[in-house]
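The chain contents come next:
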Protein chains: 2
Amino acid sequence: MELLDQYKAIQKKLKAYGYVINVVGWDSQTEAPRGAFQRRAEMLAVLSQEVFKLRTGDEFKQAVYGLYERLDELDKHMQLEIKRAKKDMDKMVKIPENEFVEYNKLVNLSQRLWEDAKAQDNWDLFKDNLAKLVDYNRKFVSYYELDMEDYDVLLDDFEEGMTMKQYDHFFDTLRKELVPFVHKVLKDGKPLKKDFSTNSFDPKKQKEFCDYLIDVLAFDRTKGLMKESVHPFTWNTHPSDVRFTTRYLENYVFSSIFAAIHELGHATYEQQVDDKWNDTGLNGGASMGVHESQSRFYENVIGRSKAFWEAHYPKFQEIFPEETKDITADDFYRNANKVEASLIRVEADELTYPLHIMIRYEIERKLFSNEIEVDELPEVWNQKMVEYLGIEPPTNAEGVLQDVHWSAGLFGYFPTYALGTAYAAQFVHAMKQDLDLDDLVRNNNIKAINDWLKEKIHQFGQSKTPAELILDVTGEPFNPIYYVEYLKEKYTELYF
Amino acid sequence: MELLDQYKAIQKKLKAYGYVINVVGWDSQTEAPRGAFQRRAEMLAVLSQEVFKLRTGDEFKQAVYGLYERLDELDKHMQLEIKRAKKDMDKMVKIPENEFVEYNKLVNLSQRLWEDAKAQDNWDLFKDNLAKLVDYNRKFVSYYELDMEDYDVLLDDFEEGMTMKQYDHFFDTLRKELVPFVHKVLKDGKPLKKDFSTNSFDPKKQKEFCDYLIDVLAFDRTKGLMKESVHPFTWNTHPSDVRFTTRYLENYVFSSIFAAIHELGHATYEQQVDDKWNDTGLNGGASMGVHESQSRFYENVIGRSKAFWEAHYPKFQEIFPEETKDITADDFYRNANKVEASLIRVEADELTYPLHIMIRYEIERKLFSNEIEVDELPEVWNQKMVEYLGIEPPTNAEGVLQDVHWSAGLFGYFPTYALGTAYAAQFVHAMKQDLDLDDLVRNNNIKAINDWLKEKIHQFGQSKTPAELILDVTGEPFNPIYYVEYLKEKYTELYF
């Protein structure tokens, strides 16, 4: 089929452009000197224009729509790829070019404004731009002329197949089952015997320990590496080159350790996707939610487990003999799982984390069904913080202004964080039918866990939808109760 | 002028492609995991094809030849740029595409063969490919139909304006004036009192010292950085992002120090080119020779000077207190300038280095005037080593097979190394009319030296030819006698 060749040829070019732009991004985020950025922006603008021309050009449109009309003649994977390409193309062609350009300018400006607003704790500086961003998103959704609620369209953008109906059920479960438990832990849980989390640990030695950990977790260093950056992240171009970063804070040793394990989880997923998807549109992780399920699995289920620290605390002691004189493996495990009502999402512990997400979901949901307006956000935010976590942010910088997402026009993104963590619990429930997880962790056989995940989840890339993956791996559709049960069991043992 | 816009638009795209390919190259040479390279090659092939299409496309041809016909209407810098672009284009269009493709395949294959041949000390494995590479170069030169000797065409490719006539004069001077002096030093020079050059020095501390040095040498870290790689090199995209590497060998501390200073010399040059050339074809260093003059100036004239080590040996002692117990600043200075007859060019000292180059020049010169054939190279090589340095390579791996250049089809490149070093001596002679170089080095005011070089040489980028630069900076044409005098003076003081 000529159309198919045409489609593949353009896709190959898009992949090549994406590849090099990606490498430049890695360099920008990990080592480029300050002086590099102005010229870099000019040069990337030229390439971005080439990419835009390819993506929106008649040739690609022709190929995508042409193939969509002849779906029956394609194999099932190409069908899936073309359906998704067509869905994206539909959205793209319906936005007038001038509005698209204006919107991108607005996003760039808003991100700078948000940085200032957060630094100065000045909500007024940002709110008009945020309102414009919301309006643009509402308008774009209306252009798509889909038979869906506005917010459902946005939710589906970040997690294919997820709608308010399902998220409502998810968050209702959390509200009903988890919130009372969290309140109980915060009120009646026995306090830590020894809190050393803000003690000083030499960053260079932290790096040595993280290096040890990534070998423990069987990360393939011939196909990736770990580096340092201000904000930890995972980066990949294809399964044989997957990298991640962590950061070393002298007075918060858990930051480097759990950021490293979290990002390693994302990275292991990407490394284990089958190479056969490299040249297709089905490469990489299945969805944001499934991706987060893997990072949270490695971080929380493995990394914050008792068995893990029984096995690896001795190495930590070896590296920090002075600093750990009065600290036991059990102290370490308990510190790594310390629960507290806190203001900042990215610093929240495993148990209270989903409540931070719930607040954002409820706000976005009301915003896009016109039940609240942008002006009201600080007040609504603070009310919900009091309701769910019992604390009120003293400043907007520590409240409604804390996250970058909205300034980048990303609405519908937040819920995938909690969803992924809940997916993880359901996957773990299935994994435990096949593997003695605790035993493998304690005996340092992470490879067996990686292999299970590869076979059941990772290898498939995007060739299964999140819902298909969950059904295939666990034998039932997504069910948030596994998440609630996992948290209740773990934190009951820790706190009561 | 529409043609000028067309030319500039294509050049901008070429610069953008060059930029990203460059960043990928930096990543490849400094940190990419082994697994990255196969996919990387596939993706870069797609971009290279786009670059090839742009460079050889009718639009660019039209622009270059069209502008060449209307040179009078252009300003003097654009005239220079278009003349050079036309010269390149002439060469490109005269090579049949299939031969160009075949040649590139041959180069790729030959580099792999050369690696094996060198590793196995097996000349026969490589010689036929080398003969083919020589033949291709002879043939391509004949296609250009220039009224020049074959080797002159190649020499001019690497150093604009240089021909055998000038190089002969240069190397004749060295043969006559320098070779007897080198023999005298090797025979009668007083030996080192204390040779510590292969003592052990912790690579981590070596890095600390190199970090100190690059601040001493006033390198602008907001516009660049130093990293580590197997083969030290300098990399730049534009004056605000210039990077270089060094390597740390535990048992050869001079490697990290002088590779760092050498590459910093290249890097300082690139940082100090005026930003006004960024979007033109006149950006970057003036030529390979002028570039090498700067790296050798920083490495040898500053870095291997007595004044430099009087100023900075105390810091070295501070970092290596145990290792330097019995070593004085004077010992350090003498070890850094140790002369010996050695087999390998890249490890040669400052005094014998040009003799290694002379051998390569004489061989290339005879090869391209058909006075010798590839088959004879090992024998000719060894004869010349005995003649100039008094030693015979025991293997071809340590002789004719040692350098990568010929396997990459680079003929005419070598002489620029010696030429650049000689340029440096002439520049220094001029610099000393304006500056008290020793005093500035001793008192740690390298910035004043950088400023002088910026004003006289660096700022101009490629807007002056090497010959123009030398005339403007020193008031006379290139004269190799300054180089001979510099070496004789320095090494007489050291060795007699």
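Model, not experiment: these values are computed from the prediction. (Residues numbered from 1 in each chain as written. Chains lettered and ligands numbered in written order. Predicted model: local features only at pLDDT ≥ 70, side-chain atom pairs only at ≥ 80, totals over all residues. Heavy atoms only, no water.)

Participant: Break down the overall build of chain A for me, with residues and values.
Facilitator: Scanning chain A from N- to C-terminus turns up 20 helices and three strands. For chain A, the C-alpha radius of gyration of 23 Å lies close to 23 Å, the compact-globule estimate for 496 residues. Taken over the C-alpha atoms alone, chain A extends approximately 70 × 50 × 50 Å along its principal axes. Here chain A holds 496 residues, and 56% of them are scored as buried. Within chain A, counting contacts between residues at least 6 apart in sequence, those at least 24 apart form 73% of the total. Of the roughly 21300 Å² of accessible surface on chain A, 48% is carried by carbon and sulfur atoms. Across chain A, the 62 positively charged side chains and the 87 negatively charged ones have centroids separated by 2 Å. (Helix = DSSP H or I, 4+ residues; strand = E, 2+ residues; numbered from the N terminus. Rg over C-alpha atoms; globule rule 2.2 N^0.38 Å. Buried < 20%, exposed > 50% of the residue type's maximum accessible area, 1.4 Å probe, protein only. Contact = heavy atoms within 4.5 Å. Areas by Shrake-Rupley, 256 points an atom, 1.4 Å probe, with all protein chains shown as cover. Lys, Arg positive; Asp, Glu negative; His and termini not counted. Charge placed at Lys NZ, Arg CZ, Asp CG, Glu CD.)

Participant: Account for the pattern of salt bridges, naming residues and giving values.
Facilitator: In the structure shown here, the tally under the stated rule is 98 salt bridges over all chains. Note that Lys127 of chain A is salt-bridged to Asp375 of chain A, the shortest N-O span being 3.7 Å. Of this pair, Lys127 of chain A sits in helix α6 (residues 123-144) while Asp375 of chain A sits in the loop between α14 (353-368) and α15 (377-389); the two residues are 248 residues apart in sequence, bridging distant segments of the chain. Look at Lys127 of chain A and you get partly exposed, because its relative accessible area is 21%. As a salt-bridge pair, Glu50 of chain B and Lys53 of chain B come within 3.4 Å of each other at their nearest N and O atoms. One end of the pair, Glu50 of chain B, and the other, Lys53 of chain B, are both in helix α2 (residues 37-56), three residues apart, so they sit about a helical turn from each other. One salt-bridge network, held together by shared partners, links Asp27, Glu31, Arg40, Lys227, Asp241 and Arg243 of chain A together with Asp27, Glu31, Arg40, Lys227, Asp241 and Arg243 of chain B. (Salt bridge = Lys/Arg side-chain N within 4 Å of Asp/Glu carboxyl O.)

Participant: Residue-level account of the interface of chain B and chain A, with values.
Facilitator: If you look at the interface, chain B gives 37 residues, while chain A gives 37 residues. Across the interface of chain B and chain A, roughly 3200 Å² is buried in total on both sides, 62% from carbon and sulfur atoms. In terms of surface lost to chain A, no three residues of chain B exceed Tyr19, Arg39 and Met43 of chain B, which account for 19% of the buried area on that side. Taken together, the links from chain B to chain A amount to 12 salt bridges. The salt bridge involving Arg243 of chain A is made with Glu31 of chain B; its shortest N-O contact spans 3.4 Å. Our enumeration of links across chain B and chain A arrives at 21 residue pairs in polar contact (both at pLDDT 80 or more). (Buried area = accessible area lost by both parts, 1.4 Å probe. Polar contact = N/O pair within 3.5 Å; in protein donor to acceptor, adjacent residues only side chain to side chain.)

Participant: Hey, could you go over the packing of helix α5 (residues 97-120) of chain B against helix α6 (residues 123-144) of chain B for me, with residue numbers and the actual values?
Facilitator: Residues and elements named next belong to chain B. Look at α5 against α6: their axes get within 9 Å of each other, and the N-to-C directions meet at 150°. For the element pair α5 / α6, the angle class is roughly antiparallel. When the axes of α5 and α6 are compared, the crossing they make is left-handed. Across from Glu99, Glu102, Tyr103, Leu106, Val107, Leu109, Ser110, Leu113, Trp114, Asp116, Ala117 and Gln120 in α5, the residues of α6 making contact are Leu125, Phe126, Asn129, Lys132, Leu133, Tyr136, Asn137, Lys139, Phe140 and Tyr143. (Axes fitted to C-alpha atoms, helices over the stretch in contact; angles between N-to-C directions. Parallel < 35°, antiparallel > 145°, perpendicular 65-115°, else oblique. Left-handed = near helix turned anticlockwise from the far one by under 90°.)

In short, shape yes, function no, at least from these values alone.
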